[in-house]
Amino acid sequence: MKSHKPQSSQMNSTEAADDLRAKFDSGITSTINFRNEISIEIKLEQSFEILSYCKDNLGFDYLVDITAVDNMGKDPRYEVVYEIYSYQHGCHLRLKTGISESEREAISVVDLWPTANWHEREAYDMLGVTFKGHPDMRRILMWEGYPYYPLRKDFPLAGKASKMPDVAFSEPVPLDGGPFVTSPCSAPTDKREPRSREFLP
Amino acid sequence: MYFININILCEKFHKVLAGKVLVFTLKSQIYPMPKNTAPVAYDSKIEGNVTFTKLDAAINWMRSNSLWPMPMGLACCGIELMATGASRFDISRFGMEVMRFSPRQSDVMIVAGTVTYKMALAVKRIYDQMAEPKWVIAMGACASSGGMYRSYAVLQGIDQLLPVDVYISGCPPRPEALLEGLMKLQKKIETEQSFVEQKKALLSEIS
Ligand code: SF4
């Protein structure tokens, strides 16, 4: 991405993270630096407060994405990830918050970034995490009335049968030994092409 | 022998056949001349304008050379469908250039692309709205079998919902392949018993 003109008040992700830690000590559980990408784990109760501080005081004016992750077997099972960017400072920040299996509800940030509307609907559609305060919490990709959340880890790759008269239906697909995956290697094309895990070299 | 007003038979071919008399027989049965049709006296001037043929052959010839496609472009294959309609490949060389976005005016639905379950019943509904006679082409791997999408969201072949006449392989098929498929469909139409199959009521009325 094209870098923006340096300003006197330019800040980078690390400084933004430090600022957040100083301000919200109790709301932040950990900070991870992976190849200069900063991820901050925040507590669910304070997530809206912290995100609105990021937007209003730290200049993170652009919400790149909201997505959710299913860490099945861990507690909390779900994680909602906010990827934010500042056009003013030209830096990214990633904030994550854990959502427990029993609650499965995050706090909507549509009031901060209107673009969150569709991102949150997608997270709801695929993983069944709802967002408190969302103005229109409906599915966005699958049809209204589809009974499953297909990106959960316990949802089979082949899908499940469902039926809604006059709207849609779905059937499990024949996988025939699939999924077909490639293995990274320098072998010739016939060895490299996608194949069932069963037959991987 | 039976005479029929060519305008009723097929309006699309009105211009081509205007002024010509079409004479045909049905199952080699001889039908009486309708009362209101004047007998045609021998006239050497019109001799070249009279064509003897079978009704099925005439109808099939008209139908197969004026296939109006209903473009059901659902994914990447739709782009190849557009290319087929554009100048380089020029679908109109075969009489199929009149793409109609209204199902009521089209003859052949070209299902070009990935049919998701969310779209599947909409495709079926559009097919149901098409007037007989109608045909379906499944263009590309996705429309034929679900393609690479062995997934919870994708219908594994449009033939689960519609009667497909021609399948075209490829991901995506090249425009030449689509043209080949359309020509295969023309060949198929030429072998149909169109009159007997689709005008049962009319047949019992006039026999
Ligand atoms: S067959 Fe290939 S090109 Fe055609 S819609 Fe499917 S994925 Fe796209």
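Keep in mind that what you see is a predicted model, and the values were worked out from it rather than measured. (Residues numbered from 1 in each chain as written. Chains lettered and ligands numbered in written order. Predicted model: local features only at pLDDT ≥ 70, side-chain atom pairs only at ≥ 80, totals over all residues. Heavy atoms only, no water.)

Visitor: If you had to explain the overall build of chain A to someone new, which residues and values would you point to?
Guide: A count of helices and strands for chain A gives 4 helices and 11 strands. With 201 residues in all, chain A has 40% of them scored as buried. Taken as a whole, chain A presents about 11500 Å² of accessible surface, with 51% of it coming from carbon and sulfur. Measuring between centres, the 24 positive side-chain charges of chain A sit 4 Å from its 31 negative side-chain charges. (Helix = DSSP H or I, 4+ residues; strand = E, 2+ residues; numbered from the N terminus. Buried < 20%, exposed > 50% of the residue type's maximum accessible area, 1.4 Å probe, protein only. Areas by Shrake-Rupley, 256 points an atom, 1.4 Å probe, with all protein chains shown as cover. Lys, Arg positive; Asp, Glu negative; His and termini not counted. Charge placed at Lys NZ, Arg CZ, Asp CG, Glu CD.)

Visitor: I'd like a rundown of the sheet that holds strand S3 (residues 62-70) of chain A, residues and numbers included.
Guide: Residues and elements named next belong to chain A. The sheet built from 5 strands is open, its strands ordered S1-S2-S5-S4-S3 with mixed pairing. A single partner strand is all that each edge strand has here, and the edge strands are strand S1 (28-34) and S3. Averaged over all pairs of adjacent strands, the angle between strand axes in this sheet comes to 20°, irrespective of strand direction. Bridge count for strand S4 (residues 78-86) against strand S5 (residues 91-99) is 9 bridges, and the pairing is antiparallel. (Pairing = 2+ DSSP bridges. Axes fitted to C-alpha atoms, helices over the stretch in contact; angles between N-to-C directions.)

Visitor: Give a description of the site of the ligand that names residues and reports values.
Guide: Every residue lining the ligand is accounted for by Ala75(B), Cys76(B), Cys77(B), Gly113(B), Thr114(B), Ala141(B), Cys142(B), Met148(B), Gly170(B), Cys171(B) and Pro172(B). Here the shell around the ligand is composed, by residue class, of 8 nonpolar, 3 polar and no charged. (Near = heavy atom within 4 Å. Nonpolar A, V, L, I, M, F, W, Y, C, P; charged D, E, K, R; others polar.)

Visitor: Kindly report on the pairing of strand S5 (residues 108-112) of chain B, identifying the contributing residues and their values.
Guide: Residue and element names in this part refer to chain B. Taking burial as the measure, the 5 residues of S5 include 5 buried ones, the bulk of the element. Relative to S5, strand S4 (residues 69-73) is paired through 5 bridges, and the arrangement is parallel. The residue bridging Gly73 from the neighbouring strand is Ala112, located in S5. On the question of chirality, the crossover connecting S4 to the parallel S5 by way of helix H4 (residues 77-85) is left-handed. Taken together, S5, helix H5 (residues 117-129) and strand S6 (residues 135-139) constitute a β-α-β crossover, and its handedness is right-handed. (Right-handed = clockwise from strand over helix to strand, strands pointing away.)

Visitor: Quick rundown of the environment of Gly140(B)? Include the residues and the values.
Guide: All names here are of chain B. Looking at the element boundaries, Gly140 is found in helix H6 (residues 140-145). Sequence-wise, Gly140 and Tyr127 are 13 residues apart; in three dimensions their C-alpha atoms are separated by 18 Å. Apart from the residues within four sequence positions on either side, Gly140 is in contact with Cys77, Ile168, Gly170 and Pro173. (Contact = heavy atoms within 4.5 Å.)

Visitor: Report on helix H7 (residues 175-190) of chain B, specifying residues and quantitative values.
Guide: Residues and elements named next belong to chain B. Here H7 is 16 residues long and its end C-alpha atoms lie 23 Å apart, about the 22 Å a rise of 1.5 Å per residue gives. Among all positions in H7, only Pro175, Leu178, Leu179, Gly181, Leu182, Leu185, Gln186 and Ile189 are buried. Considered in projection along H7, the buried side chains sweep an arc of 155° and stay on one side of the axis. In this structure, the buried residues of H7 make contact with helix H3 (55-64), H4, S5, S6 and strand S7 (166-168). (Expected span 1.5 Å × (residues − 1). Arc of directions from axis to C-beta.)

Visitor: Can you tell me about unusual backbone geometry, naming the residues and giving the values?
Guide: Residue and element names in this part refer to chain A. At the junction of Asp75 and Pro76, the peptide bond is cis and its omega measures out at 0° in the coordinates. Tracing the sequence through the fold places Pro76 in the loop between S3 and S4. The phi dihedral of Arg35 falls on the positive side, at around 50°, and the residue is not glycine. A relative accessible area of 71% places Arg35 in the exposed class. Phi is positive for Asp166, which is not a glycine, with a value near 70°. Positionally, Asp166 belongs in the loop between strand S8 (162-164) and strand S9 (168-170).

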